[in-house]
Amino acid sequence: MDHWIDNAYTEGVEPNIERADVTNPATGVTTGQVVMAGQATVDQAVASAKAAFPAWRDTSLSKRTQILFRYRELLNERKEELAALITAEHGKVLDDALGEVNRGLEVVEFACGMPNLLKGGYTENASTNVDVHSKRQPLGPVAIISPFNFPAMVPMWFFPVAIAAGNTVVIKPSEKDPSAVNWEAELWKEAGLPDGVFNVVHGGKPAVDALLEHDDIKAVSFVGSTPIAKYVYETATAHGKRVQALGGAKNHMLVLPDADLDMVADNAINAGFGSAGERCMAISALVAVGDIADELVEKIAERARNLRTGDGTRGTDMGPLVTSEHRDKVAGYIDAGEREGATVVVDGRDGDFDADGNGYFVGPTLFDHVTPEMTIYKEEIFGPVLSVLRVDTYEEGLELSNANPYGNGTAIFTNDGGAARRFENEVEVGMIGINVPIPVPMAYYSFGGWKNSLFGDTHAHGAEGVHFFTRGKAVTTRWSDPSHGGINLGFPQNQ
Ligand code: NAD
């Protein structure tokens with residue numbers, strides 16, 4: 001897989017081109033190699049984005065939007081192709097991959113409304129014969145750096161909005177599953193996007209660093225783990241850029257004693273084990289309030305044991321983890337949970353997996369009697385491991401969540417509207433579900449967490465996304481007015 005610069009594939013311009021293997025995690029087979037950019041190739045991509053910017057900024061909103069609509073149509077027609085690419089390199093099951101594409105598509109649809117979103121304000125006669133208007137303008141070339149776990153959707157949280165607003169883009173996808181973004185790049189070309197507006201560089205830290213430090217990159221949108229998000233935020237802001245860096249998560253589900261426990265068990269399974277737990281909105285800590293835990297754990301365990309784990313092209317419920325290293329890391333967390341005294345109710349370390357070859361599987365794993373000191377509670381596992389913690393009261397459960405350094409998503413399950421309303425008010429988390437386990441906001445709202453789940457102020461897409469990819473201007477106007485007042489060195493005052 002090559003880079004994509006100026007609407008064409010290129011191996012880049014490094015004298016010694018490095019490549020990294022890309023594997024199918026369901027079989028362990030190497031399916032390709034991705035080129036890894038250094039400074040020189042990043043410079044070339046940014047130069048392309050910089051050269052394309054003036055003409056793209058000056059392309060009418062109407063013409064820009066027509067390309068967006070065309071992109072939307074093509075993506076909708078061919079989304080199964082993209083879903084298959086995701087499954088082949090990420091491992092998530094096919095219908096989950098399709099779900100990811102559909103959620104990305106919603107952001108494209110949101111960005112199709114850019115003419116409305118970019119409308120400014122106008123005040124007539126703010127002072128005598130003086131009018132004021134405001135507008136928002138694009139920034140220039142912007143960088144997007146995305147994680148492996150949503151190879152198609154996370155880039156689409158940003159680039160439709162950036163492009164529709166008149167910016168040009170250099171994106172560096174995860175080197176673990178790079179094909180989805182190349183596919184998206186080809187689709188842009190087909191939709192009529194001019195050369196240089198959307199560029200892709202592949203690589204790892206050297207490519208990221210080159211983007212973070214590049215004078216011509218005006219903004220950075222990053223999604224990935226917390227340590228790298230913090231590093232990206234600190235480095236890019238030190239280089240004068242606007243940054244939104246979304247980090248890791250440890251999402252809690254608070255279950256009150258009045259909740260419907262069958263509904264809770266179904267939702268805990270979906271949110272804990274969907275995409276093998278490799279979602280930043282996955283539930284990893286279920287906090288059971290009162291005396292419901294025994295019954296609830298039994299219901300979840302029964303469902304977990306019936307899940308089919310295997311190759312995502314075979315109609316299974318859950319696919320593999322992304323790499324063998326990540327598989328070993330997740331299995332290591334399960335070892336640690338057992339060692340530190342949690343009860344292993346369902347053990348995913350050994351299992352009968354529906355796949356050929358040597359895929360990177362861990363089955364659904366359920367722990368009970370987890371306590372806040374345990375490693376499996378403290379760290380982001382990013383695998384199919386659900387921990388149940390037991391507390392006596394709502395307050396204890398809330399305190400647990402609020403003491404956690406992450407604040408991405410959370411959910412409360414209850415039939416008590418008052419308790420839910422109180423939770424919504426008191427919990428220190430950016431995205432909240434009330435009887436909804438994975439509360440991913442719609443494209444016209446904004447996606448983002450609090451605390452160590454977001455560095456920067458601005459969430460993705462929605463109004464905040466439009467704000468991130470534009471900057472404001474206020475214009476004060478007076479035309480042929482004889483009452484301008486002549487020479488006056490005082491500060492302008494309204495009359
Ligand atoms: P990661 O942090 O390892 O990688 C993210 C990106 O950063 C990749 O493009 C990678 O190439 C690059 N990168 C990796 N190491 C780097 C380094 N040392 N310096 C500079 N760049 C580096 O994350 P991942 O494993 O790809 O994705 C999983 C993580 O992303 C999880 O922590 C998950 O919670 C998080 N995530 C968060 C959200 C959110 O919205 N908050 C969404 C999706 C994923």
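This text follows the structure it describes.
My aim in this report is to walk through the structure given alongside it, one point at a time.

Parameters and conventions
- Residues numbered from 1 in each chain as written.
- Predicted model: local features only at pLDDT ≥ 70, side-chain atom pairs only at ≥ 80, totals over all residues.
- Heavy atoms only, no water.
- Near = heavy atom within 4 Å.
- Polar contact = N/O pair within 3.5 Å; in protein donor to acceptor, adjacent residues only side chain to side chain.
- Areas by Shrake-Rupley, 256 points an atom, 1.4 Å probe, with all protein chains shown as cover.
- Salt bridge = Lys/Arg side-chain N within 4 Å of Asp/Glu carboxyl O.
- Helix = DSSP H or I, 4+ residues; strand = E, 2+ residues; numbered from the N terminus.
- Buried < 20%, exposed > 50% of the residue type's maximum accessible area, 1.4 Å probe, protein only.
- Pairing = 2+ DSSP bridges.
- Axes fitted to C-alpha atoms, helices over the stretch in contact; angles between N-to-C directions.

The environment of the ligand is made up of 27 residues, and the closest members are Ser-146, Glu-175, Ser-225, Gly-247 and Glu-380. In this structure, Lys-172 approaches the ligand through a side-chain N or O atom, which is 3.0 Å from an oxygen atom. The separation between an oxygen atom of the ligand and a polar side-chain atom of Ser-225 is 2.7 Å. When the free accessible area of the ligand is taken as 850 Å², the share hidden by the protein chains comes to 88%.

According to the stated counting rule, one finds 27 salt bridges in the structure shown. Its salt-bridge partner being Glu-338, residue Arg-349 comes within 3.0 Å of it at the nearest N-O pair. Here Glu-338 lies in helix 12 (residues 324-339) and Arg-349 lies in the loop between strand 14 (343-346) and strand 15 (365-368), a separation of eleven residues in the sequence. By relative accessible area, which is 15% here, Arg-349 ends up buried. Overlapping salt bridges, with partners in common, bring together Asp-262, Asp-266, Lys-299 and Arg-303 in one network.

Moving on, we come to the sheet that holds strand 22 (residues 470-478). If you walk across this open sheet you meet the three strands as 5-6-22, and the pairing is antiparallel. Both outer strands of the open sheet, strand 5 (122-127) and strand 22, are each paired with one neighbouring strand and no more. The sheet shows a mean angle of 30 degrees between the axes of neighbouring strands, taken without regard to direction.

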